[in-house]
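Listed below, chain by chain, are the residues.
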Amino acid sequence: RSFLLPPAFLRPSQLLLPKRPNNSMSRGRGYKVLIDGLPDQASWQDLKDFAREYGCPPPRYTDVRYGEGVLEFDSSRDADDAIRKLDGRRIRPGRGARHDYPPTRIKAYDEDEGRSSRKRSASSSRSRSRGRDRRRGRDDRRDRDRSRDRDRDRRDRSRDDRDDDRKERDRRRRDDSDDDDDRRRRDDDRDDRDRRDDDRDRDRDDEKKDKDDDDDRRRD
């Protein structure tokens, strides 16, 4: 089949593209089997060949979107038979497929189970979200408390270090002052000794002079 090129003035949204061929009659109120865990590359033809490979009844409708597939049957018996034959099996690319992916295990279940499962999943997701929020809030508070404790410890250590430095400076100043006092006392003691020695020498000289004078007078 050949297609004419669209006029240049048409927007992409105005183009009438050919629809994907359907492998069954139009959708009605059938019994749906949901297929979960399909690879992103899987197509509805792969799902159709997969169901035929494991002997499922012919589905009236087949579709694959975003890793999830749907098989629709005319009776609940056919749907249950498909679930029993497909659940836990590995799907692979169909015959003549141009894409490729490794065999992947899927899960098959009926629509009611999928709806209740989604509700439970949404409820558990909300519960997990609330639990994560509570844990995140507790973790944030714990982190803030730890940060405040670290800051307080840092300030205390800084204050202690400053106190230690001040005490060390005072001790050195006192030691220097004591050294100066000792030095002055030693100097004073030395001066006193020198003074006493001078006085002793002076007294000795005076005594000798007096004695010499007495001797001189006696000779006269």
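Our subject is the structure listed above.
A. View of the environment of Asp-78. Counting through the fold element by element, Asp-78 comes out in helix H2 (residues 76-86). With 45 residues separating them along the chain, Asp-78 and Val-33 place their C-alpha atoms 9.7 Å apart. Excluding its chain neighbours within four sequence positions, the residues that come into contact with Asp-78 are Pro-57 and Phe-73.

B. Here's a closer look at the pattern of salt bridges. Under the defined criterion, the tally for this structure stands at 27 salt bridges. Between Asp-81 and Lys-85 there is a salt bridge, with its nearest N and O atoms 3.3 Å apart. Separated by four residues within a single helix, Asp-81 and Lys-85 lie in helix H2, roughly one turn from each other. The buried category is assigned to Asp-81, whose relative accessible area is 14%. In this structure, Arg-200 and Asp-197 form a salt bridge, with 2.8 Å as the shortest nitrogen-oxygen distance. Of this pair, Arg-200 and Asp-197 both sit in helix H3 (residues 111-219), three residues apart, which is roughly one turn of that helix. Residue class for Arg-200 comes out partly exposed when judged on its relative accessible area of 43%. Looking at Asp-197, the relative accessible area reads 34%, which means it is partly exposed. Because the salt bridges share partners, they merge into one network encompassing Glu-168, Arg-171, Arg-172 and Asp-175.

Cut-off values and rules
- Residues numbered from 1 in each chain as written.
- Predicted model: local features only at pLDDT ≥ 70, side-chain atom pairs only at ≥ 80, totals over all residues.
- Heavy atoms only, no water.
- Helix = DSSP H or I, 4+ residues; strand = E, 2+ residues; numbered from the N terminus.
- Contact = heavy atoms within 4.5 Å.
- Salt bridge = Lys/Arg side-chain N within 4 Å of Asp/Glu carboxyl O.
- Buried < 20%, exposed > 50% of the residue type's maximum accessible area, 1.4 Å probe, protein only.

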